[in-house]
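Residue-level structural notes
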Amino acid sequence: MEELGQEPDPEQEKPEGCFKRFFTGKPSDVKEDHELLAQKMIRELVIYLVFIAIVCTIAFGMTSSYSYYYTKVMKDLFIEQGSSEMGFKDITSVKDFWKYTQGPFLQGLYWDKWYNNDQLGKLEGYIYYENKLLGLPRIHQVRVRPGSCQVADEFKSFIDTCYGEYNHENEDKSAFGVGLKNKKKMAFHYRSSEEIDGFWHWGDITSYEGGGYVKDLSLDKQTAVDSIKDLHDNLWIERGTRAVFLTFTVYNANINLFCIIVLTVEFPPTGGAFPSWSFTTVKLIHYDNDFQPFIFLCQILFVFFIIYYMVQEAIEMFFRGKEYFKEFWNFLDVLLVLSSTICIGFQIYREFVVMNELPIILSKFNKYQDFASLAFWESRSNNAVAITVFLTWVKVFKYISFNKTMTQLATTLSRCAKDLLGFFVMFFIVFLAFTQLGYLLFGNQVEDFSTFMNSFFTLFRIILGDFNFYQLEKANRILGPIFFMLFVFFVFFVLINMFLAIINDTYSEVKSDMTKQTEMYIMSDYLRQSYKRLIARIWQSKESHRLDSLSQQYTTKNKITVGEWQKLLIEQGFEDDLVYAVINKFGLEKEHILEPTEQKKILSEMNRMRNIGVKEEQQEEDLEREGKATEYVPSEEFAIIMRRVDRMETTLIGLVSNIDAVLVQISSQRK
């Protein structure tokens, strides 16, 4: 029985190329395009996994697991002091600042003896005996000029002048100090950021430019103590002082890390002192071990990958035009390419700056060495790498999105986008109203509402359950509880539940619609079918091997009955239906003696019919997956039905022959 085939349709258009079909979205054959798309997705996924491995190797190979511990050690030394001493974070006044500077600061900065009071010798300038102090520490302040604010007319009679908040217009650049009257004592002169190699600083209250009044301390502890005492005695900090910075850099050769430390004390116009700090631990010198050449190779491969993805996205934009920008994943691809390009630019610029400026900085060993700019660009480079790694992992969803769950999620978000947009407009109107209300009501008493941004994020924390109700109640016994209850009711109980209702309703609609639609061809289906085909081929190969072995075993015999042959095949694990169908097809009785040639012929027919059965099962799965709801029977399904009818006819012929044989025996016994 010959296998039925499908004649090609001469009128059917020739299939377009895979490349053009994928980018134009005009497949010539749905099934073929789905399989080609799945193959392309798998190929791109494998390539992308290599890209992920390269990105992660670069990101984690350029960092150190000791960064946190190094930062913590420095913070514990200069910020977290013991109960017997004043810590930096405990500073609340000018007096506290000088007490900290002359005590814990100098003690932590200068280690001139071992724990048994022996002199360090060659280890002078080391902190914790391991961290080399690079250059001279610096104390630096910025000031505002007298009269930078206006005194109310009612108070001009007994308030001569005032000092406003710090900004570029109010900054004082004139000399001050007792040296103006007594030439034997020091005077303090303003120096620009270019003169002192200064870098801008960002405090808790505002940001500050790099210029100001500086005093570089000595590497010798006693000289540094005298310098600090001289500043203290000559009123270096006055009413116009708005911020003082203690800056220095240390390097640990054991782990090849730099730590740039900036201790900031701000003196706002309100009076008092507000400390803040910055510990930036970076790795400025790369390619310092045997693993770094491999990192360099990965960086080169990363550049080639980005060029490859640039070309790929450019080609897709060219073929798809405006349709390209209607998909979220395309925006993610563009964003990933841009972040990677920025990352490459930062890396090249960072290497250029480090290679050119680091030797110059280190050559000025007896001067202040500004590592702030190097640390700034290194931090920006690390941030760009972190964002790139994040986007790289998010893009993995693009390759696993061809499944039912991800399709439901994407469809739900796309359908409710307009509703969510309207909801967010309404939400932020209400939310910003409560933000301003909280800032105006409690801003002068509660730290969480002290600024507009603090109030904004505090209300978000309340939504997540992180709140301090007693602060509001203490600030205002009447308005505090009312504000809290109104916010919880309108935002938490009403608006948030509206948001969830929009998502839930849309998700239910999408799920209901997808159950009525034909299941799409997804990559998991392709992988599952490929796996089944592979198993089927392996099983077919094993069965063919068993048939060949069986044929070689029994074709040497001169005689074997059909009954013995059937029993032997069933014992070998062949299906009963297949064995009986083949025997009945040839119309053989159980007592018939099979010749070797007949045995081979029966084995060959069994193998052919079994292969037909495997192909039929695969075609049935394809038809069920495609779920073609048409008014006519497709040619493939018609061919399957014809083969089934043919097999049934063969089986029936065998059964009729057996029935005839039984009737003949019955009639002979009656006689």
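What you see is a predicted model; the values in this text were computed from it and never measured.

Digging into unusual backbone geometry
Positive phi is not limited to glycine here, since Tyr-128 has a value of about 60 degrees. Note on placement: Tyr-128 falls in the loop between strand S1 (126–127) and strand S2 (131–143). Backbone geometry at Asn-256 places phi at a positive 55 degrees, although glycine is not the residue there. Secondary-structure assignment places Asn-256 in the loop between strand S6 (241–252) and strand S7 (257–266).

Description of the packing of aromatic side chains
One pass over the full model with this rule turns up 58 aromatic pairs. On the basis of an interplanar angle of 45 degrees and a centroid distance of 5.9 Å, the ring pair of Phe-346 and Trp-377 is categorised as tilted. Here Phe-346, found in helix H8 (residues 328–363), pairs with Trp-377, found in helix H9 (residues 372–394); they are 31 residues apart in sequence, far enough to count as distant. On the basis of relative accessibility, which here comes to 28%, the residue Trp-377 falls in the partly exposed class. Over the ring of Phe-176 we find Arg-143, and its NZ or CZ is 3.8 Å from the ring centre. In this structure, Lys-395 packs its charged tip against the face of Tyr-309, placed 4.6 Å from the ring centre.

Regarding helix H7 (residues 292–320)
The periodicity of an α-helix, 3.6 residues per turn, causes residues three or four places apart in sequence to face the same way. Compared with an ideal rise of 1.5 Å per residue, which puts 29 residues at 42 Å, H7 spans 41 Å between its outermost C-alpha atoms and is within 8% of the ideal. A positive phi of about 65 degrees marks Gly-321, the residue just after H7.

Re the side chain of Ser-455
Inspection of the secondary structure puts Ser-455 in helix H13 (residues 452–463). Residue classification places Ser-455 among the buried positions, given a relative accessible area of 0%.

Observations regarding a nonpolar patch on the surface
A cluster of nonpolar side chains, contributed by Phe-291, Phe-294, Phe-296, Leu-297, Ile-300, Leu-301, Val-303, Phe-304, Ile-307, Met-310 and Val-311, occupies part of the molecular surface with about 960 Å² of accessible area. Tracing the backbone through its elements, the reader meets Leu-297 in helix H7.

Rules behind the numbers
- Residues numbered from 1 in each chain as written.
- Predicted model: local features only at pLDDT ≥ 70, side-chain atom pairs only at ≥ 80, totals over all residues.
- Heavy atoms only, no water.
- Helix = DSSP H or I, 4+ residues; strand = E, 2+ residues; numbered from the N terminus.
- Phe/Tyr/Trp six-rings, centres within 6.5 Å; stacked < 30°, edge-to-face > 60°.
- Buried < 20%, exposed > 50% of the residue type's maximum accessible area, 1.4 Å probe, protein only.
- Lys NZ or Arg CZ within 6 Å of the ring centre and 35° of its normal.
- Expected span 1.5 Å × (residues − 1).
- Patch = residues over 30% accessible without salt bridge, like charges linked within 9 Å, V, L, I, M, F, W, Y side chains within 5 Å.
- Areas by Shrake-Rupley, 256 points an atom, 1.4 Å probe, with all protein chains shown as cover.
- Salt bridge = Lys/Arg side-chain N within 4 Å of Asp/Glu carboxyl O.

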